[in-house]
Amino acid sequence: MAVRYLGAEVQRMEDPRLLTGHGRYVDDITMEGMLHAAFLRAPMAHAKIRSIDPSRALALPGVHRVITHADLGAKYSHRMNQLYPAPVIEQNKTQYPLAKDEVCYVGEAVAVVVADSRAIAEDALALIDVDYEALPAVVNIMTALEDDAPLAHADTTSNLMGKMRSSFGDIEDSFAKADHVFSAAFMQHRGGCHSMETRGVIARDDPWGDGLTLWTSAQSPYLIRRALATWLDESEERVRVIAPDVGGGFGPKAGFYPEEVAISLAARIMKRPVKWIEDRREHFISTTTQRDQHWDLEVACTAEGKILGLRGTVTHENGAYIPYGILLPNSSLTPLPGAYSIPAIDVGVDIIFTNTVPNSPVRGAGRPCGIYAVERMVQVVSRELGIDPAEVRRRNYVRADQMPYETGAKLRGGAPCIYDSGDYEALLEKVLDLSDYHSFKERQAAARAEGRYLGIGVSSCIEDTGMGPYEGTTVRVESSGKVAVRTGAASQGQGHQTMISMLVAENLGVKPEDILFESADTAKFSHGIGTIGSRVAANVGPSAHDAASQVREKALKLAAEVLEASEADLDIEDGVVRVNGAPDLSITLGELAVQLTPMSAMRVPTGFDPVLEATSFDGSSGSPIACGSNVAEVEVDPGTGEVKVLRYSVAHDCGVMINPMVVHGQIVGGVVHGIGNALFERMIYDDQGQPLTMNYGEYLLPLASEMPRVDVTHMETPSPLNSLGVKGAGEGGTIPAAAAVVAAIENALTEFGVEIDYYPVDPQYLTELIDAGSAQAAE
Amino acid sequence: MADTRDIEMTVNGESHAANVETRTSLGDFLRHGLGLTGTHMGCEHGVCGACTVMVDGEAVRSCLMLAVQANGHEVTTVEGLAEDDGTMSALQEAFWKHHGLQCGFCTPGMLTSLTAFLRDNPDPSERDVREAISGNICRCTGYQGIVDAALDVAKTMQKGS
Ligand code: FES
Ligand code: FES
């Protein structure tokens, strides 16, 4: 019997290379004749460009060229593509690769310098003279639709990019028959990407040879190939995009960026390879990000806390342009009603232009916001009715016997949102046990006796993962017996090589070390979609499994002929086909491959296609819905507003786990990202649109010293939607985290009556709430 | 004309002589001057720790040190942590075993920081380890695998001594 890898804690195959300093990230790649680029970026949030004079920069030794919009010529004078067109986009604003005559956020690319070294290119930036005429900027989404608000774009009449709505059930009826209606309004702020590797691009243009090749630190090389070819009006065959090792992605690297166009054109103009590596300051001001979302909700419920309906409005900050369609507002609405069976929902979103860096998803996309909103309202019900937060949840969950459960909401493609499987209540009980929830009150009282304030917070989530339609895999046995495995899916650290190699090794009967895995190179596989939305395991998993099975079948059939044995008596182990009971009778997969790839004038065995290979696009038929319940336990110092997360517990269900070690890593890393959102990460702009947090002293990321140990337990409810029963796991740690932490802080400060209406909950804000609460109590 | 100096330093046991611009950071020199791209630049302003190397055994941020300041010194980068025959160090092995890395970008800095730390603090608590890497940012792992790896190595070292 073949070795079982599915479900085994296999150490990652990627690691020895990365641990010894032999990774290959974009900035590690160098090539003959390569030049280096730096971008001049807008210093104001909104301005007209009157003129650009590069002459002083050009005079600097080592500078080859300064390229502006005007230098690109008529063929390349258009705006960036809209990657995800949608009817709700009323004003389709994308930017120019290099600004034409108006800049709409600090950081918008205005010119690119090409020089002998990065240092010289950066020196030259200060020598380009741009004459700007400042225009008023809009920053605050809450006032952006008022009549006298400044406009984010000079040629528009409103800052409303578009509106959308999620609406199902009889909302009027739900509110009419409710015993109680409670309301809450709150702002959510999610920070940026902050992958430890910034973005970076190398372009090489070889019009008489390979065409245009781009090495880019990206999550979606195929999307970039298509967008770039479209933008250039060239064949995709002449554009090759490679994502080498990528040092973290988290969403913002899934798009198509102005720099990818500008560096391609720079290489074309210079007739030499050109490299650009983003510096960290640029990352803050030019890498797309998530920002503010304001929710104003009402919840209708019975006296027992059964939720009947949820309605309200959301105001979503889009930033200055739309590089990524409406994916964020959409994925904020899709997860409503969360893990609960809520019969009616009616929530609308206004999508607002501001003069800030454009929007894109960050780990979880809109889901952390949507789930936070639902969890806040559950919390409000619990508080107002005096029912334990865990108990309110029990009374409202979608039950296991209701699966598959159609919520009423629509997924991005318009398909109904159906929860495929899971037992949310059982998951809650697991996390309550893991976190010693039932004895918390004693811990809290004991701490209080010492003057310490402990709090506990619960949150539950669902996550629509694995968005289709597919992510294919090719498996091919070489004559050497080595197995080439190729897929389009790029990895940014998720361990795809290990996961896919495990599946192929198990199914085909080869050793993982005999697998040559290649991915994320558009020249190596026909089409891929991208590593976004926790979709790789649920799509590449089934296709790798299926392709390997097809190759196995073909190999067994051929071996049966060659060995003159019955297929049923054959088995493949470590790349050798053997006849059970006849140990001397065997043939290697490599030898079988040779028979299917013969030399000239030889013949391919009758009834067989050439080449021992198969390609599969098997994926998930729908969106497998993962789920999780989390408990955060915090200590708050009411004097300083400092919050310490003491313990953090997770019960998570992402279906069958291919490699539990990798899933564990995804969950823990995701939780820490979510705690960062809840407590630290804040990208601040002043009212003129000037970013104020542009380094890691000012913008705080979660550090080891501040993070708790995260305890994780799993349930494995198989998804019926794919052959492996898997669901995505990449974002389920992040999605519920902010809600759990914020609820815990409120719980710790119950006696001050603190109600949190903003995150990240920084000490200053929290002390203000505590002071206000104390003052009220004194009155 | 750019201001340059002749420098010499030993990197991973090999001596190198070069003429460098005075403004070139040690990190840039290692990466682009010597082609040792295992050292990573994450922030270039001294906070993320990805660029950490050891200079005369001490963990140093190579984005904040100039190449000329390393003149005459001994530098160890991530490429120098394994044995000459390629056998990974105990810490590298432990990172592998405990899933202490995902994208691998922070990893060289984590390894060099912790190599120096564990040499000087062979019996650390979990808190000590967390403080020791509080100047190294990891966006992927949530730190847990890294902390577990360091504690595992410390435990093994204790048993061995
Ligand atoms: S690159 Fe040196 S500390 Fe970040
Ligand atoms: S492993 Fe990616 S930043 Fe640490």
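Because the structure is predicted, anything quoted here is derived from the model rather than measured. (Residues numbered from 1 in each chain as written. Chains lettered and ligands numbered in written order. Predicted model: local features only at pLDDT ≥ 70, side-chain atom pairs only at ≥ 80, totals over all residues. Heavy atoms only, no water.)

1. Observations concerning the overall build of chain A
Of the regular secondary structure elements, chain A holds 18 helices and 29 strands. The globule rule puts the C-alpha radius of gyration for 779 residues at 28 Å, and the 28 Å found for chain A is close to it. Principal axes of the C-alpha set define a box for chain A whose edges measure 95 × 70 × 50 Å. By residue count, 65% of the 779 residues in chain A fall in the buried class. For chain A, the accessible area works out to roughly 26,900 Å², and carbon and sulfur atoms hold 51% of it. If the 65 positive side-chain charges of chain A are averaged to one point and the 105 negative ones to another, these points end up 4 Å apart. (Helix = DSSP H or I, 4+ residues; strand = E, 2+ residues; numbered from the N terminus. Rg over C-alpha atoms; globule rule 2.2 N^0.38 Å. Buried < 20%, exposed > 50% of the residue type's maximum accessible area, 1.4 Å probe, protein only. Areas by Shrake-Rupley, 256 points an atom, 1.4 Å probe, with all protein chains shown as cover. Lys, Arg positive; Asp, Glu negative; His and termini not counted. Charge placed at Lys NZ, Arg CZ, Asp CG, Glu CD.)

2. Here's the deal with the nonpolar core
Counting residues in each nonpolar core, the largest one holds 169 residues, and the members touching the most others are Trp295(A), Tyr424(A), Tyr648(A), Ile745(A), Leu766(A) and Phe95(B). The contacts of Phe95(B), once residues within four sequence positions are left out, are Leu19(A), Gly100(B), Leu101(B), Thr107(B), Met110(B), Leu111(B), Leu114(B), Ile146(B) and Ala149(B). Counting 46 residues, the second-largest nonpolar core is a separate cluster that includes Val475(A), Val477(A), Val579(A) and Phe608(A). (Core = buried A, V, L, I, M, F, W, Y, C linked by side-chain atoms within 4.5 Å. Contact = heavy atoms within 4.5 Å.)

3. Some words on the interface of chain B and chain A
Chain B puts 43 residues into the contact, and the matching count from chain A is 53 residues. When chain B packs against chain A, the two sides together hide about 4,100 Å² of surface, and 54% of this comes from carbon and sulfur. Run the count over chain B and chain A and you get 7 salt bridges. Here Arg139(B) and Glu681(A) are joined by a salt bridge, their closest N and O atoms 2.7 Å apart. At the junction of chain B and chain A, the tally comes to 24 residue pairs in polar contact (both at pLDDT 80 or more). Breaking the side of chain B that touches chain A down by element, the ones donating at least two residues are helix 1 (26-33), helix 2 (90-97), helix 3 (107-120), helix 4 (126-132) and helix 5 (144-160) of chain B. Grouping the amino acids of the side of chain B that touches chain A by side-chain chemistry returns 17 nonpolar, 15 polar and 11 charged. (Buried area = accessible area lost by both parts, 1.4 Å probe. Salt bridge = Lys/Arg side-chain N within 4 Å of Asp/Glu carboxyl O. Polar contact = N/O pair within 3.5 Å; in protein donor to acceptor, adjacent residues only side chain to side chain. Nonpolar A, V, L, I, M, F, W, Y, C, P; charged D, E, K, R; others polar.)

4. Description of the pairing of strand 16 (residues 405-410) of chain A
Residue and element names in this part refer to chain A. Here strand 16 pairs with strand 17 (residues 416-419) via 3 bridges, running antiparallel. Within strand 17, the residue paired with Glu 406 across the bridge is Ile 418. Between the end of strand 16 and the start of strand 17, which pair antiparallel, lie 5 residues, with Gly 414 showing a positive phi angle near 95 degrees. (Pairing = 2+ DSSP bridges.)

5. Concerning the domain arrangement of chain B
Residues and elements named next belong to chain B. Split by domain assignment, chain B resolves into domain 1 (4-80) and domain 2 (90-160). With 18 residues of domain 1 at the contact, the number on the domain 2 side is 14 residues. Buried surface at the junction of domain 1 and domain 2, summed over both partners, amounts to about 1,100 Å²; 59% is from carbon and sulfur atoms. Taken as a group, His 40, Met 54 and Val 78 account for 37% of the area that domain 1 buries against domain 2, more than any other trio of residues on that side. If you look at where domain 1 meets domain 2, you find 1 salt bridge. Salt-bridge contacts for Arg 119 lead to Glu 58; the nearest nitrogen and oxygen are separated by 3.7 Å. At the junction of domain 1 and domain 2, the tally comes to 6 residue pairs in polar contact (both at pLDDT 80 or more). (Domains from an automatic or database assignment.)

6. Some details on the domain arrangement of chain A
Residue and element names in this part refer to chain A. Its domain assignment divides chain A into domain 1 (15-22 + 468-616) and domain 2 (423-463 + 624-779). Each side of the interface is counted separately: domain 1 has 12 residues, and domain 2 has 14 residues. Between domain 1 and domain 2, the buried area comes to about 980 Å², and carbon and sulfur atoms account for 67% of it. Across the contact surface, domain 1 and domain 2 share 3 residue pairs in polar contact (both at pLDDT 80 or more). Sorting the residues of the side of domain 1 that touches domain 2 by element identifies helix 13 (496-508) and helix 14 (536-563) as the ones contributing at least two each. In terms of residue count, helix 14 provides more of the side of domain 1 that touches domain 2 than any other element does, 5 residues in total. Its residues placed into classes, the side of domain 1 that touches domain 2 shows 6 nonpolar, 6 polar and no charged.

7. Some thoughts on helix 1 of chain B
Within helix 1 of chain B the residues assigned to the buried category are Leu26(B), Gly27(B), Phe29(B), Leu30(B) and Arg31(B). The positive-phi residue at the C-terminal boundary of helix 1 of chain B is Gly35(B), with phi of around 75 degrees.

8. Some details on empty space enclosed by the protein
Residues and elements named next belong to chain A. A full pass over the atoms with the stated rule returns 11 cavities of 30 Å³ or more. Considering only enclosed or pocket space, the largest cavity measures out at about 670 Å³ in volume. Lining the largest cavity are 43 residues, with Gln 494, Thr 531, Ser 534, Gln 666 and Gly 730 positioned closest to its centre. Taken together, the elements giving at least two residues each to the lining of the largest cavity come down to helix 13, helix 14 and helix 16 (660-679). Looking at which element gives the most residues to the lining of the largest cavity, the answer is helix 16, with 3 residues. Considered class by class, the residues forming the lining of the largest cavity number 20 nonpolar, 17 polar and 6 charged. Counting only domains with at least three residues in the lining of the largest cavity, you end up with domain 1 (15-22 + 468-616) and domain 2 (423-463 + 624-779). Of the volumes computed, that of the second largest cavity is approximately 150 Å³. Residue lining of the second largest cavity: 18 residues in total, with Gln 95, Phe 256, Tyr 257, Pro 258 and Pro 323 positioned closest to the centre. Class assignment for the residues of the lining of the second largest cavity results in 10 nonpolar, 6 polar and 2 charged. (1 Å grid on protein atoms, 1.4 Å probe; cavity = no way out; pocket = protein on both sides within 12 Å on 5 of 7 lines; lining within 4 Å. Points joined across faces, edges and corners; volume = space filled by probe spheres on them.)

9. Section: the packing of aromatic side chains
All names here are of chain A. Applying the stated criterion to the full structure yields 17 aromatic pairs over all chains. Ring-pair connections join several aromatic residues into one group, and the members of that group are Tyr 340, Tyr 397, Tyr 405, Tyr 419 and Tyr 424. The lysine or arginine in question, Arg 199, covers the ring of Tyr 257, its NZ or CZ lying 3.8 Å from the ring centre. When the ring centre of Phe 608 is taken as origin, the NZ or CZ atom of Lys 557, which lies over that ring, is 4.8 Å away. (Phe/Tyr/Trp six-rings, centres within 6.5 Å; stacked < 30°, edge-to-face > 60°. Lys NZ or Arg CZ within 6 Å of the ring centre and 35° of its normal.)

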